[in-house]
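These are the residues of each chain, in order.
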Amino acid sequence: MISSSVGRLLLAAWAVAGLACWVSQTPFVTAEISAKDDFVKTDKMSFKLGKKPFLFQGFNAYQLPEGAGDWGPVGKLMVQDILKKAQSHGLTVLRTFAFAGRLKQNALLTGPGEYNEKMLEALDFVLDEAAKHDIRVVLVLESYWN
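A brief structural summary.

Scoring rules and cut-offs
- Residues numbered from 1 in each chain as written.
- Predicted model: local features only at pLDDT ≥ 70, side-chain atom pairs only at ≥ 80, totals over all residues.
- Heavy atoms only, no water.
- Helix = DSSP H or I, 4+ residues; strand = E, 2+ residues; numbered from the N terminus.
- Buried < 20%, exposed > 50% of the residue type's maximum accessible area, 1.4 Å probe, protein only.
- Contact = heavy atoms within 4.5 Å.
- Areas by Shrake-Rupley, 256 points an atom, 1.4 Å probe, with all protein chains shown as cover.
- Phe/Tyr/Trp six-rings, centres within 6.5 Å; stacked < 30°, edge-to-face > 60°.
- Lys NZ or Arg CZ within 6 Å of the ring centre and 35° of its normal.
- Axes fitted to C-alpha atoms, helices over the stretch in contact; angles between N-to-C directions.
- Parallel < 35°, antiparallel > 145°, perpendicular 65-115°, else oblique.
- Left-handed = near helix turned anticlockwise from the far one by under 90°.
- Nonpolar A, V, L, I, M, F, W, Y, C, P; charged D, E, K, R; others polar.
- Expected span 1.5 Å × (residues − 1).
- Patch = residues over 30% accessible without salt bridge, like charges linked within 9 Å, V, L, I, M, F, W, Y side chains within 5 Å.
- Salt bridge = Lys/Arg side-chain N within 4 Å of Asp/Glu carboxyl O.
- Pairing = 2+ DSSP bridges.

**Structural notes on the overall build of the protein chain**
- Summing up its helical and strand segments, the protein chain has four helices and eight strands in all.
- Helices and strands appear in the protein chain in the N-to-C order α-β-β-β-β-α-α-β-β-β-α-β.
- In the protein chain, which comprises 146 residues, the proportion classed as buried is 32%.
- Contacts in the protein chain between residues far apart in sequence, at least 24 positions, make up 69% of those at least 6 positions apart.
- Within the structure as shown, the protein chain displays about 10,400 Å² of accessible surface, and the carbon and sulfur contribution to it stands at 62%.

Right under this line is the structure:
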C-alpha cells in the first residue's frame with residue numbers, strides 16, 4: 001500500500017513530467033504518411049515499400065491507445081513524446097494493441113455492433129501521431145498470452 005505522502009509525490013512528479021512534455025511540443029505538422037502511400041509488402045525473403053527495399057527498426061508500445069484514451073491530456077502528451085523519441089532514434093515501425101489489453105473498459109468492441117467511441121478516437125489519435133512521425137503501425141488485434 002502506498003502512503004498518501006508518497007502518492008502525492010508520485011502525482012506531483014507525474015504532473016511535472018506532463019507539463020515538461022507539453023512545453024517541449026513542436027508546432028503542428030501534417031502527417032508524413034498519406035493514403036496514397038504504399039503498404040509494406042513481402043517480396044520473397046524481403047520487405048518492399050513500393051519498389052524499394054524496406055528495412056526497419058521496430059518497437060513495442062502496447063499502452064499507447066490506452067494512454068491516449070484513458071489518461072487524459074497527459075496520456076496524449078505521452079503518446080506524442082514516445083513517438084517523437086522513437087523517430088529521433090530511427091525507429092520506423094510501432095507494434096501496439098488494438099484491443100482492450102488489461103482493462104476491459106478500454107475494449108474497442110463492447111458488444112455485437114457496439115463500439116467504444118472513446119477508444120476508437122484514442123486509436124485514431126495514435127495512428128495519426130505515428131503518421132506524423134513517419135512511423136508505420138502493426139496493430140495487434142488479440143492476445144492469447146495465457
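We are not done yet, so read on.
**Quick notes on the packing of aromatic side chains**
- Per the counting criterion, the structure on display carries four aromatic pairs.
- When the centroid spacing of 5.6 Å and the interplanar angle of 65° are considered together, the rings of Phe 47 and Phe 56 count as edge-to-face.
- When its relative accessible area of 40% is taken as the criterion, Phe 56 is described as partly exposed.
- Taken together, Phe 47, Phe 54 and Phe 56 form an aromatic cluster joined through their ring pairs.
- Over the face of the ring belonging to Phe 125 we find Lys 76, whose NZ or CZ atom lies 5.1 Å from the ring centre.

**Section: the packing of helix α3 (residues 72-88) against helix α4 (residues 117-132)**
- Following both chains from N to C, one finds α3 and α4 inclined at 30°, their axes separated by 10 Å at the closest point. Classed by the angle they form, the pair α3 and α4 counts as roughly parallel. By crossing handedness, the relation of α3 to α4 is classed as right-handed. Residue-level inspection shows Lys 76, Val 79, Gln 80 and Leu 83 of α3 in contact with α4, the latter providing Phe 125, Val 126, Glu 129 and Ala 130.
- Counted by class, the contact of α3 with α4 contains five nonpolar, one polar and two charged residues.

**Structural notes on α3**
- Between its first and last C-alpha atoms α3 spans 25 Å; for 17 residues at 1.5 Å apiece the expected length is 24 Å, and the two agree.
- Along α3, the positions that sit buried rather than exposed are Gly 75, Leu 77, Met 78, Val 79, Gln 80, Asp 81, Leu 83 and Ala 86.
- Note on α3: the residue one or two positions beyond its end, Gly 90, has a positive phi of about 80°.

**Digging into a nonpolar patch on the surface**
- Taken together, the side chains of Val 40, Phe 47 and Phe 56 define a hydrophobic patch exposed on the protein surface, amounting to about 240 Å² of accessible area.
- The topology assignment puts Phe 56 in the loop between β3 (52-53) and β4 (58-60).

**Topic: the pairing of strand β1 (residues 40-43)**
- Pairing geometry for β1 and strand β2 (residues 46-49), over four bridges, is antiparallel. Along β2, the bridge assignment pairs Thr 42 with Phe 47.
- Where β1 hands over to β2, the hairpin turn is made up of two residues, of which Lys 44 adopts a positive phi near 60°.

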